[in-house]
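# Chains, contacts and geometry: an overview
Chain by chain, the residues:
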Amino acid sequence: MREPLDQLGTHEVFNQPGPVPEQNLFECDPCLRKAVDREGARWATSKLAELGEIMGRPSTLQLANDANRHSPELESFDRFGRRIDEVVYHPAYHCLMDLAISREIHSIAWTADSGGHVAHTALEYLFAQVEGGVCCPVTMTYAAVPTLKQAPDLAREWLPRLFANCYDSRFIPAGEKRGATLGMAMTEKQGGSDLRTNSTVAQHLEGDWYGLRGHKWFCSAPMSDAFLSLARIGDDLSCFLVPRWRPDGHRNPFFVRRLKNKLGNRSNASAEIEYDDTWGHLVGPPGRGIATIMDMVKHTRLDTCLAPVALMRQSLVQALHHVRHRQAFGKTLVDQPLMRTVLADLSLELEGAVNLLFRVARSFDEAAAQADGEPFSRLAAGIAKFHLNKVAPGFVCEAMEVLGGSGYVEESLLPRLYREAPLNGIWEGSGNVICLDVLRTALRYPESLDRFFAEVSVATGENRHLDRSISALKQRWQEGRKTPQALEPEARRLTEAMASTWQGALMCRFGDSAVADAFCASRLGEGRHRTYGTSARSADVAKILNSVNPGE
Ligand SMILES: Cc1cc2nc3c(=O)[nH]c(=O)nc-3n(C[C@H](O)[C@H](O)[C@H](O)COP(=O)(O)OP(=O)(O)OC[C@H]3O[C@@H](n4cnc5c(N)ncnc54)[C@H](O)[C@@H]3O)c2cc1C
């Protein structure tokens, strides 16, 4: 007779929490639901609930685990010795791509009447809680749209392929496919942040087509159908769309030298590539390549804000499940006073992060509707990208520790979340570069800074720590504007302070008052926290926990 699963020969298996039960990741997330309503995408609720249900299924998690365990492989040649430069993915990757694209994550921002960026952010936030690698090509396809629109003939040809919401994994010319995805290849060996060092050259061929020669040190999702890329016409950098197939139906020379062996993000391929007589179609005005491609980068930056928050959310879900079903020293862990302080602190961090993320997403919708909204959304994305990505790795690490030893073991999911956590702080502008961009935006477009202060000042009088923080920031900016160079070494301090202050203001305006007070005391107060679980002493822990994750 078979022994019961929890009754082994030598011992009984007990006090093990088991996996997080199937749940709807949207329905179970009150902070997300409130933020989506508040920031203008209530109309997307049923879409979000549908995706939330799918992302919460064990079968979807299994796909994500498979896609990460079986990393993509480069096939340089076919069996007859012909060069093919193709990357082969596990079937699970294709299933996940199909899921993301069919749910319009990449297109909804551009096809919705209003609130499209908030809806996009919420959809991808649900997806990224389970799998981050697929989000890379999805994000690049979403973000490429405004840059593509700078070449109207290309936009006419490519946008219908993107907006078909159909994933077609076949490696054939894009015109023959049911749908297409786009990538981006900017970074070269000698400089990624400083794009002015790009050395790839472009020689005119015919019409708007050029022949490119050079290399790119990072090119993720190399099986995308085309890539926005930079190359020099003469001395100046221009932007090009490089398809994997030439208009005459032949393969475009696109040499994939190798795939990077990365810390995480294993389901996604990131390649080193070379161009040699590679066809590229000019996008935007010649010589304005950086400005043209920056329209894309601005939008990828929004997604680098959502990814860390998604990792935080999923790691907290795992941690809360564990403590609710695990006993130690005579109590369920969730009832141990010190554990509760840690969990409350993590929950505060998450609620602040979600509020900031969705406010920033709305600034993208505002920028689409009002011509003068652009600088504010750029400032907003910079503030959030820096702060949220600095917080995420420590947060996930703390959540991992909540699971004890099991958290360090691969099956718990926490290691995969942890490996993913530093990435979004690096690509699309690493920390320093982002903080310097926050400075540059605030100084070049003072109205963006004025708007920031107008926004946080709405909460003035709600909390003394917040009031103090707003006036200290105002004073520093007023002084700093007189000697901008002196601000550069302080760029991180200013950006971080702006993020925490903005989070405090949002918590005061839209959160429970006890929760908002705990946030402001611990993030903006004199004895501000460094390690999770060292603050929120007087806070109403039960309220905080319930506000983020009501009982399963
Ligand atoms: C997994 C992965 C996938 C990627 N995929 C792509 C892709 O698909 N397409 C693509 O184009 N790129 C891609 N990248 C590249 C990525 O965008 C760059 O690595 C990133 O922009 C940083 O550039 P860099 O590596 O050249 O570092 P550097 O530019 O050398 O920067 C190194 C450090 O110096 C700091 N720094 C730079 N300038 C200053 C300054 N003025 N003051 C102070 N500090 C400064 C930076 O913040 C950074 O911390 C990918 C990267 C990774 C890790």
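Residues numbered from 1 in each chain as written. Predicted model: local features only at pLDDT ≥ 70, side-chain atom pairs only at ≥ 80, totals over all residues. Heavy atoms only, no water.

For the rest of this paragraph, the subject is the overall build of the protein chain. In terms of regular secondary structure, the protein chain is built from 20 helices and eleven strands. Taken over the C-alpha trace, the protein chain has a radius of gyration of 24 Å; the compact-globule value for 552 residues is 24 Å, and the two agree within 12%. Each principal axis of the C-alpha atoms in the protein chain carries an extent, and together these give about 80 × 75 × 40 Å. Taking all 552 residues of the protein chain together, 58% fall into the buried category. Surface accessibility of the protein chain: about 23,000 Å² in total, with carbon and sulfur atoms responsible for 51%. Side-chain charges in the protein chain split into 63 positive and 68 negative, and the spacing between the mean points of these groups amounts to 3 Å. (Helix = DSSP H or I, 4+ residues; strand = E, 2+ residues; numbered from the N terminus. Rg over C-alpha atoms; globule rule 2.2 N^0.38 Å. Buried < 20%, exposed > 50% of the residue type's maximum accessible area, 1.4 Å probe, protein only. Areas by Shrake-Rupley, 256 points an atom, 1.4 Å probe, with all protein chains shown as cover. Lys, Arg positive; Asp, Glu negative; His and termini not counted. Charge placed at Lys NZ, Arg CZ, Asp CG, Glu CD.)

Turning our eyes to something else, we now look at the pairing of strand β6 (residues 226–233). Most of β6 sits out of view: seven of its eight residues are buried. Across four bridges, strand β3 (residues 182–185) lies against β6 in parallel orientation. For Gly183, the partnering residue across the bridge sits in β6 and is Phe227. In the sheet, β6 pairs with strand β7 (residues 236–243) via eight bridges, with the strands oriented antiparallel. Directly across from Ala231, in β7, lies its bridge partner Ser238. If you look at the hairpin formed by β6 and β7, you'll find two residues sitting between the two strands, and Gly234 has a positive phi there, around 65°. (Pairing = 2+ DSSP bridges.)

This paragraph deals with the pairing of strand β4 (residues 201–206). Looking at chain direction, β4 and strand β5 (residues 209–220) are connected through five bridges and run antiparallel. Each residue of the ladder has a partner; that of Ala202, found in β5, is Leu212. Hairpin remark: β4 followed by β5, antiparallel, with two residues in the connecting loop; positive phi at Gly207, about 50°.

So, about the layout of surface pockets. Estimated volume of the second largest pocket: approximately 970 Å³. Considering the residues around the second largest pocket, the lining is formed by 38 residues, among which Leu61, Asn65, Glu411, Ser412 and Leu413 are closest to the centre. Residue contributions to the lining of the second largest pocket peak at seven residues, all from helix α3 (residues 58–69). Here the residues of the lining of the second largest pocket are counted per class, giving twelve nonpolar, 16 polar and ten charged. (1 Å grid on protein atoms, 1.4 Å probe; cavity = no way out; pocket = protein on both sides within 12 Å on 5 of 7 lines; lining within 4 Å. Points joined across faces, edges and corners; volume = space filled by probe spheres on them. Nonpolar A, V, L, I, M, F, W, Y, C, P; charged D, E, K, R; others polar.)

Attention now moves to the packing of helix α16 (residues 464–482) against helix α18 (residues 491–510). Taken N-terminus to C-terminus, the directions of α16 and α18 make an angle of 145°; their axes are 10 Å apart at the nearest point. In the crossing of α16 with α18, the sense of the turn from one axis to the other is left-handed. Residues Leu466, Ser469, Ile470, Leu473, Arg476 and Trp477 of α16 pack against Leu494, Ala497, Met498, Thr501, Gly504, Ala505 and Cys508 of α18. Looking at the contact of α16 with α18, its residues break down into nine nonpolar, three polar and one charged. (Axes fitted to C-alpha atoms, helices over the stretch in contact; angles between N-to-C directions. Left-handed = near helix turned anticlockwise from the far one by under 90°. Contact = heavy atoms within 4.5 Å.)

Our next topic: the domain arrangement of the protein chain. Here the protein chain is described as being made up of domain 1 (30–162), domain 2 (181–287) and domain 3 (291–548). One C-alpha centre belongs to domain 1, the other to domain 2, and the line joining them spans 22 Å. The partner domain 2 presents 33 residues to the 33 residues of domain 1 that form the contact. Between domain 1 and domain 2, roughly 2,500 Å² of surface is buried when both sides are summed, and carbon and sulfur atoms account for 66% of that area. Summed over the three residues of domain 1 that lose the most area to domain 2, namely Asp85, Met140 and Trp158, the buried surface amounts to 21% of that side. For the interface between domain 1 and domain 2, the tally reads one salt bridge. For Glu86, the salt bridge is made with Arg251, and the minimal N-O distance between the two is 3.0 Å. Elements that contribute at least two residues to the side of domain 1 that touches domain 2 include exactly α3, β1 (73–77), β2 (83–88), α4 (91–102), α7 (135–148) and α8 (152–162). (Domains from an automatic or database assignment. Buried area = accessible area lost by both parts, 1.4 Å probe. Salt bridge = Lys/Arg side-chain N within 4 Å of Asp/Glu carboxyl O.)

The next point concerns the packing of α7 against helix α9 (residues 289–324). It is the contact of α7 with α9, at a shortest axis distance of 7 Å, that shows an interaxial angle of 145°. α7 and α9 meet at a crossing whose hand is right-handed. Contact with α7, carried on its side by Thr139, Met140, Tyr142, Ala143, Ala144, Pro146 and Thr147, involves Thr292, Ile293, Asp295, Met296, His299, Thr300, Leu302 and Asp303 of α9 and no other residues of that element. Tallied by class, residues from the contact of α7 with α9 come to eight nonpolar, five polar and two charged.

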